[in-house]
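Remarks on the overall topology
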Amino acid sequence: MAEKTVITEKNRKSEKNILAVIGGMGSGKSTVLSVLEREGQYERLEMDRLAKNCYLDSVFLKQLSSVLPKDVFTEKGELNFPLFRALLLKDESYRKSVEERVHPLVFHMAAQAIYKARKEGKKLAVETALPNEAFLSLCDAVLYVDCPFATRLSRLTKNRGYKREEAERMMKAQDIEKYKEKADFVLFNDGNRERTEDAIRQFIQRF
């Protein structure tokens, strides 16, 4: 019998206006964001999109060009994303060099969005697969989206087009499990969208 999709509450805080939605790749965070946006009036912010915007910025690309091989850039100076992604998976030193540069920018932009939302009295759900303590401390509550490894792997290979080996390496490179115990709420997403959405609605109704 499949495990039910449930939200386990660990702590209860007075406000839930700023919500961190965390979990590994393929765990179903986008589904959670969609329901929070549609039925909870939360605005959504995805850190992965912020990072991608950095990779399109000419000033930031110039910084990366000093630490990355020339062959990951096109003749126009843009990133060749397939080669770039392959390099980061293959060589941890390059991955760390990039993360040291992009992560501070992304978290700074996320922090600005959080401050703006608080000032304007808005509800904001911020999604990331790579949280840190400083970011989590800015949020009112942390929702961890848990999902079986096999289900996540299937989503990445079938829905996003990753090769199995590539997907497994990316998933294992994420040090996300340590944040599960620190989450205020844990949502087990077994792949059944209806159950997942129902659990999120219950979460919204509670607060």
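As the structure is a prediction and not an experimental result, all values here were calculated from the model. (Residues numbered from 1 in each chain as written. Predicted model: local features only at pLDDT ≥ 70, side-chain atom pairs only at ≥ 80, totals over all residues. Heavy atoms only, no water.)

Things to note about the overall build of the protein chain
Of regular secondary structure, the protein chain possesses nine helices and six strands. A compact globule built from 207 residues would reach a C-alpha radius of gyration of about 17 Å, and the protein chain, at 18 Å, matches this within 12%. When burial is assessed residue by residue, the protein chain has 44% of its 207 residues classed as buried. Nonlocal contacts in the protein chain, meaning residues at least 24 apart in sequence, comprise 75% of its contacts between residues at least 6 apart. Total accessible area on the protein chain is roughly 11,800 Å²; 48% of this is exposed by carbon and sulfur atoms. Counting 38 positive and 32 negative side-chain charges, the protein chain places the centres of these two groups 1 Å from one another. (Helix = DSSP H or I, 4+ residues; strand = E, 2+ residues; numbered from the N terminus. Rg over C-alpha atoms; globule rule 2.2 N^0.38 Å. Buried < 20%, exposed > 50% of the residue type's maximum accessible area, 1.4 Å probe, protein only. Contact = heavy atoms within 4.5 Å. Areas by Shrake-Rupley, 256 points an atom, 1.4 Å probe, with all protein chains shown as cover. Lys, Arg positive; Asp, Glu negative; His and termini not counted. Charge placed at Lys NZ, Arg CZ, Asp CG, Glu CD.)

Details of the nonpolar core
Nonpolar side chains in soluble globular proteins generally cluster together in the buried interior. Tyr55, Leu64, Leu68, Leu79 and Phe135 are the most contacted members of the largest nonpolar core, which has 37 residues in total. Within the residue set of this core, elements represented by two or more residues are β2 (18–22), α2 (47–54), α3 (58–65), α4 (81–90), α5 (92–120), β4 (124–128), α6 (133–137) and β5 (141–146). At seven residues, α5 tops the list of elements feeding residues into this core. Leaving out residues up to four positions away in the same chain, Leu64 has contacts with Tyr55, Phe73, Leu79, Val98 and Arg101. (Core = buried A, V, L, I, M, F, W, Y, C linked by side-chain atoms within 4.5 Å.)

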